[in-house]
Each structure stands twice: as C-alpha cells, then as structure tokens.
Amino acid sequence: MKTRFGPFVFDRSAQLLAREGQEVPLPPRVLGVLDVLAARPGEIVTKQEIIETVWKDAFVSDTSLSEAISFLRQALGDDPQQPSYIQTVHRRGYRFLPAPQPAVESPVVIPPVAARSETMAESWTWIVPWAVAVILAAVAVSALWRVMHPDAPVVLPTARFALEWPDGMTLDTSAPALALSADGSVIAFTGCRQDGCRIFVRGLDDTESRPVPGTLGATAPFLSADGHVVGFFADGKLKKTATGGDSPITVTDVRQPLGAVWLDDDIVFSASASGGMGGLVRVAKDGGAPRMVGPIDARGAELALAWPDVLPGGEVALVTSIVAPGDPPITRIVAISMVTAERTVVVERASFARFVPPSMIAFVRDGRLMAATFDPVQLKITGPAVPVDQPFGDRVAQFAVSRVGSLIAAASSSSGGALQWWTQAGGLTPAAAAMQPLGSPSLSPDGRTIAGVKVDDTRADVWSADIERGATSRLTFNGELRAPVWSPDGRSFAFASRSGSAFNVFVKRVDDTTPKRLTGAPRHQLPSSFSPDGRQIVYTEFDPASGEDIWVVPVAGGSPRPLVRTPFDEGAATVSPDGRWMAYESNESNRWEIYVRPFGAAGSAVAISAGGGRHPMWSRDGRRVYYTGPSGVMSVAVAPCAALQEGCELSPSRPVEIVAGPWTPRAETRDGRILMESDRGRADAVERIMVTLQWTRALQRIVPPAIVASPK
C-alpha cells in the first residue's frame, strides 16, 4: 500500500520513502515510525504505542523516539512549529496530518419538484434544507481543497552568528573542545587558562557563557540530548554533572579517553589500549560495569578508536580508527555495529565523523571540514565529498553538529604559517615559505637546516630546507615516512618507515641512498631523540598490551631494550644535551604531564609540568625544558647544576608561559630563536565560536546530491 502526501510517496510494504521519484534513505526505525503514523492518518498515536511497535522488546526512552521524529521531520522538510505532515500533541503523542485520498462521490439524486399548487410555506420547507446542503457542500469543498493543497511549509532561513570568546582564554587543543546538545539549545566548550582547563556552558538564549563548577582539568565535553547534563573526562575518570551546577558524579574509570557520546540511558566512549579497556566501550549513564562493544584491531596494527558518534537507532557508531602514528596520525572512519562488532570502512584518510540528519556526514580531511551524502542503512557515502568550512587542523577537529542540523565551530585568526620563530623580544614571526610544508621539523646541530615530512597526495617523504636561503631538497624517496630526527653530527638522520602494516625505526646517512633498519617489531615505532654521542636512538613503541612505551636501540646494531615500560602511556622522549637526563610525556597521573628522569641509569622520575603538558624540548644549554601546556608553550628552568655537576638532584622551577596558543616547541637555534609548530592547516588563536542554525539547508545547496536509483 502506498501513501501519498505532498511531493512524497511512502510504500509501506517495501518500506521506501520517495520524493519526486528519488529515494529518501532513512534508517529502518525512522521508517517504522513513519509506517505507524501513516497507517492512522488524523489519529493521535501515543508515544508508548510507537515505541512498543517500532522498538519492540528493546528498552529505550522517549529520547530515541524524539530523535527519530526529528530525523523524519528533517527528511520531510517539516517545521515542528507549523507542521504540514507530523504534529506533536503535547503530553499525548503524534498525529499524521495528510488525509487519505478522497473517495469517488456518488451521483446526487434530485427529488421531484412539488406541484405549483403547493403553498409558499411548503416551498420554503423544500428550499431551506437544500440551501443548507449547498452551503455545507461549499464548506466541504473548501476544506477538501485546503487538505489537498496545503500551504507550503515555512522554510526557516539559515542564520549565522558569533559567540565572543572570553578574554585571556584559549580553546583546549588536546581533544575536541566543543559540544552541542541534540536539540541544539545548549553549547558546551572547554576553555583554558594558565591554571588549567574547565567546561563552560551557554544556552542559545543566554547572553554569556558560565563555568561549570567542579570541572577544572576536564576535557572532551559531551551533552545529554536535552542539554541538562554534561559529561566529560578528568582525573582518569568519566564524569557527569548538571549544566546548571552540581557536584560531578563519577560514571567509570577511563585512563586515556578519546571522546564520548550520549545514547539514551547509556554513554558510549573510546579509550586507548593503555587502560586495559582500549576500543569502543558502553556503560550505563549512572555507572556500572562497562562493556566492550568494539575492540581495537591489534592484528591490523590499529592504535586506537576515537571520537565516536552514534547513528539513529542506537546500534551503529561512526568512529575514527587510528591506524598508524604520526603528526598527524593516519586515520580512517569506520562504522562499527555495537551489537555484533562488525566493521565497515566508510572513508579513508579522514577523521572525526559526525552524522548530519537526515542523510549526510561531516568529517575532517587534510585539515578541512568536509561533507557528503551518506546512507545510514548501507553505511556508505553516496556522493562526492566537498569542503564546507574553514580549516580545523589535522590533530583535533573543533566543531559539533546537533540532531536538528545546527553547527558550532571555532573561528580563528590567521597565524601566517604553521612554522613560526619565537623570540622573547619579538614574539612570533613566520618562518620562510620553503619551510612551511615540512611537518614534525627537526633542526640540524649547526642550526642551518631543518628536516621535516612533506606530504604530497598520498606520499610522505623527508625533505630538508636551508633556513637562510630557503633552498629545499628531498632526503628520502619511498613515500611513507614519519618523525625525522637529526643525528648529533648532522651526517645522518633517523626516521620511521614501513613496508607492511607497522612503522619501524631506520637510520640513513645524508650522502647515502640506502637506509639501515634498526628495529623490526610488528608494532608501530617512532624515533624521538639521539643520545648526544650519536650511539643510541630513543623511540616510542606502541604496544597493544601496555600502550606507549619508551625504548632505546644501538645505532651500530644490537637488541633494543625498554627504558620506560609501564601500564601507562609514555612517549616523546628527548635526551638532554649532556646525556644525563631524559624528558618525556606520561599519563600516569591520569592526564598528560612532563617528567624528567636519568637517562640510562637508575633513578626516579620528577614531574616538571603543572596542569598538563605534551611534547617536551630541551634548550641548547640543557638548563631549561619547554613543552606544550593547556593554554600555551611553557618554560621550566632546572637547577644549573642539573646539567653541569655530578650527583646533582633535579630542582625544577614553576612553569612560566612564554607564548599563548596551541603551539609545539620543536628546536632552539644558537641565537636563542625557538621554532614553533602549529597544527597543519590550523590557525593559531580562537577568536569566537561561530553558530550556524539550519546548517543542513546550507549543506543542501553545496553538497552534491546522492547518486541513487529510483525506487521501483
């Protein structure tokens, strides 16, 4: 049986919705809701009736039904305030407005006219009923015309406006910092100052943002469907609290989180392997035993699953699969069934997927926000992907999409380039244009040349650039390399390369064409530092059992050995210029911090950062360590004797911010300049948060339509 309304035809037997001959792809449960309503046009169908019919034995709340109704309205272009197709009946349920096709009218039989000899009164007794009948018929025809020719739905315009950024604050760059409730009414973001990061919330009808109590040190916020509760990660735990202010409640332990999303009465989150619960995990929103619903594919050298989003119906998650380390890492978007754990690859070379109702997907590729039509049933992109907004960077995507089609995104000022020189007197100035394409730069010992990875389409080779002259030259030719590190004498460099699924450590002389393999484990490995004598290379190994560990291997050949191997993550190790100390990052305190410990000798580690830290770098004289803090690049002085006298204990000073913004310190020249790197394609300073209402309508104008066959 087919139901026709407006430009749509719904084939109930085939469960297909079409608009002017083109199929409108909808998830099965959304089609089920339409089927229940279309079967009873004009009647009020209670919420409980719909849930029991569509979801059957599944235990779901009204939120699932509300999302399905919102999804269906988006597909139909129906305005909930002035509905043409689906009407909400407050506290009762929903009504399908289009009336059934009218039946063929029976012929009208006119009774014989009375004789002329009848009195005038008798004539009026015959005329009046027929006059009333004519009037009622006219009213009926008018009503039928209104039903058959309803007013066109009111199309709300796309609106875009800015929320000003609080003074003296930066956006958290360690994780996605923006969140939007499913109904689009509440925004949450993680703002950072020198004392750390905390969550702020703002309703779209409010005039300013306000901090949420008890969220200092929080990261990766996510909101409940109605925006009344915000979830976040802090202190090695998944927590939640009321956006209006309340004491945070711990839901479960999470050592190294990688994003979460609210799903009815559950929370779905991702975590790294170091916590023993790596992969996609589901837990009740009020706590309880978490259960794995999507494990990491260790056989394919997958490092982690990150930044989940759940499709309508609540059974399939879109997840970023981190398949290889790097800066940026190699990623793809996969769809994972949370019932069977079955996987489907959706997009290669992409990350941070977000479903945009009714049939689109947004994601990040090469630092740009992209969008394409998407079939949530077949789990595949059905049209070409196009860029739709400003660059975000390759590491962290700062945007969020609501189920009603709103968008929030960070708007930044231009920095003039991903590589900048910093001096205490002059601040930041752009590096030479020839240097800008080189990622993960390493400065040669003489301070005249940098080596970095240049990505060209799918190739990634190591190139060098002369700092003063701007001349560049290619140093490798195999097309898939990571993490170059200069040797102390400047005659060779280490890097990571792979011939199979895992990256291993190699070393190569500048004047030679053949690199030398130093490691061969079936696990990813990235070099991070030479010892000052050039005899050893320190590297990070990504072990599915223990997470990130720090190892060392002799350059002349020999067996690698672990330096720091714990149940926590440790990496980015760099050896001090005198060879006595090693600075590295670790999450043993349940957040990333910078530690210093003796290199190659017994001794305990000393924490030198405060409030979070990544990517340590030694100064040339070994008296100072720079690192990326929550709000900018920090500097920590160590005791002068630490690099000059035997038996001296480390005595770090209080960290001091030298430059604000999401910068990574890479190297220091002899004249005191520090090379800073920002995310590829991302600007350096967030100025405001841009809000776009009815973003779905804007996408429909620029995203090519789906390529689908007409329903039969």
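The structure we're discussing is the one just above.
Bear in mind the structure is a predicted one, so any value in this text is a computation, not a measurement. (Residues numbered from 1 in each chain as written. Predicted model: local features only at pLDDT ≥ 70, side-chain atom pairs only at ≥ 80, totals over all residues. Heavy atoms only, no water.)

Trainee: Mind laying out the pairing of strand 25 (residues 343-348), listing which residues take part and the relevant values?
Mentor: As paired strands, strand 24 (residues 330-337) and strand 25 are joined by five bridges and run antiparallel to one another. The residue bridging R332 from the neighbouring strand is E348, located in strand 25. Connecting strand 24 to the next strand, strand 25, in antiparallel fashion are five residues, including A341 with a positive phi near 70°. (Pairing = 2+ DSSP bridges. Helix = DSSP H or I, 4+ residues; strand = E, 2+ residues; numbered from the N terminus.)

Trainee: Would you mind going over the state of the cysteines in detail, with residue names and values included?
Mentor: Here the structure, examined in full by the defined rule, presents one disulfide. Here C192 pairs with C197 through a disulfide, and the sulfurs are 1.9 Å apart. Between C192 and C197, the disulfide has an S-S torsion of 100° and is therefore right-handed. C197 carries the same exposure label as C192, and that label is buried. (Disulfide = S-S within 2.5 Å. Buried < 20%, exposed > 50% of the residue type's maximum accessible area, 1.4 Å probe, protein only.)

Trainee: Describe the sheet that holds strand 45 (residues 547-554), and please don't skip the residues or the numbers.
Mentor: Overall, antiparallel pairing links the four strands, which are arranged 43-44-45-46 in an open sheet. In this open sheet, the two strands that pair with only one neighbour each are strand 43 (525-530) and strand 46 (561-564). Neighbouring strand axes in the sheet, compared pairwise and without regard to direction, differ in orientation by 35° on average. Alignment of strand 44 (residues 536-543) against strand 45, held across eight bridges, turns out to be antiparallel. The residue of strand 45 that forms the bridge with I537 is V553. (Axes fitted to C-alpha atoms, helices over the stretch in contact; angles between N-to-C directions.)

Trainee: Tell me about the packing of aromatic side chains, and please be specific about residues and values.
Mentor: What the rule picks out here adds up to 13 aromatic pairs. With a centroid separation of 5.6 Å and 25° between ring planes, the pair formed by F5 and F8 is classed as stacked. This pair shows no difference in class: F5 is buried, exactly as F8 is. On the numbers, 5.2 Å between centres and 70° between planes, the contact of F352 with F399 is edge-to-face. You can see F352 sitting in strand 26 (residues 351-356) and its partner F399 sitting in strand 31 (residues 399-401), a full 47 residues away along the chain. Look at F352 and you get buried, because its relative accessible area is 4%. Through a chain of ring-to-ring contacts, the aromatic side chains of F5, F8, Y85 and F96 assemble into a single cluster. Directly above the ring of W463 sits K454, whose terminal nitrogen or CZ lies 4.4 Å from the centroid. Here the basic side chain of R673 rests over the ring of W421, its NZ or CZ set 4.3 Å away from the ring centre. (Phe/Tyr/Trp six-rings, centres within 6.5 Å; stacked < 30°, edge-to-face > 60°. Lys NZ or Arg CZ within 6 Å of the ring centre and 35° of its normal.)

Trainee: Account for the pairing of strand 48 (residues 581-586), with residues named and values stated.
Mentor: The buried count for strand 48 comes to six of six residues, which makes it a mostly enclosed element. Burial of strand 48 is two-sided: the residues W581, A583 and E585 facing one way and the residues M582, Y584 and S586 facing the other way are all buried. Summarising the sheet, strand 47 (residues 570-575) and strand 48 pair through four bridges and their orientation is antiparallel. Within the sheet, the bridge partner assigned to E570 lies in strand 48 and is S586. Between the antiparallel neighbours strand 47 and strand 48 lie five residues, among them G579 with a positive phi of about 80°.

Trainee: Let's hear about the packing of helix 1 (residues 28-38) against helix 3 (residues 62-76): which residues, and what values?
Mentor: It is at 9 Å that the axes of helix 1 and helix 3 come closest, and there the two elements cross at 85°. One way to sum up the angle between helix 1 and helix 3 is to call them roughly perpendicular. Counted together, V30, V33, L34 and L37 of helix 1 and L65, A68, I69, F71 and L72 of helix 3 form the full contact between these two elements. (Parallel < 35°, antiparallel > 145°, perpendicular 65-115°, else oblique. Contact = heavy atoms within 4.5 Å.)

Trainee: Give a detailed account of the environment of G245, specifying residues and quantitative values.
Mentor: Structurally, G245 is set in the loop between strand 16 (237-242) and strand 17 (249-253). In this structure G245 comes out as partly exposed when scored by relative accessible area, which is 34%. In the structure, G245 is positioned 33 residues away from V212 in sequence and 5.9 Å away in space, judged by C-alpha atoms.

Trainee: So, helix 3: which residues are in play, and what are the values?
Mentor: Working note: α-helix, 3.6 residues per turn, so residues spaced by three or four point in the same direction. Between the first and last C-alpha of helix 3 there are 21 Å, a value that for 15 residues agrees with the 21 Å anticipated at 1.5 Å per step. Among the residues of helix 3, those classed as buried are S64, L65, A68, I69, S70, F71, L72, R73, A75 and L76. Just past helix 3, the residue G77 takes up positive phi, approximately 70°. (Expected span 1.5 Å × (residues − 1).)

Trainee: Lay out the nonpolar core in plain terms, naming residues and giving numbers.
Mentor: One finds F233, L238, F269, V388, F399, W695 and L699 to be the most contacted residues of the largest nonpolar core, which totals 46 residues. Residues in contact with V388, not counting those within four places in the same chain, are L369, M370, A371, W695, L699, I702 and V703. If you look at the next biggest cluster of nonpolar residues, it comprises 45 residues, including I50, I69, Y94 and I361. (Core = buried A, V, L, I, M, F, W, Y, C linked by side-chain atoms within 4.5 Å.)

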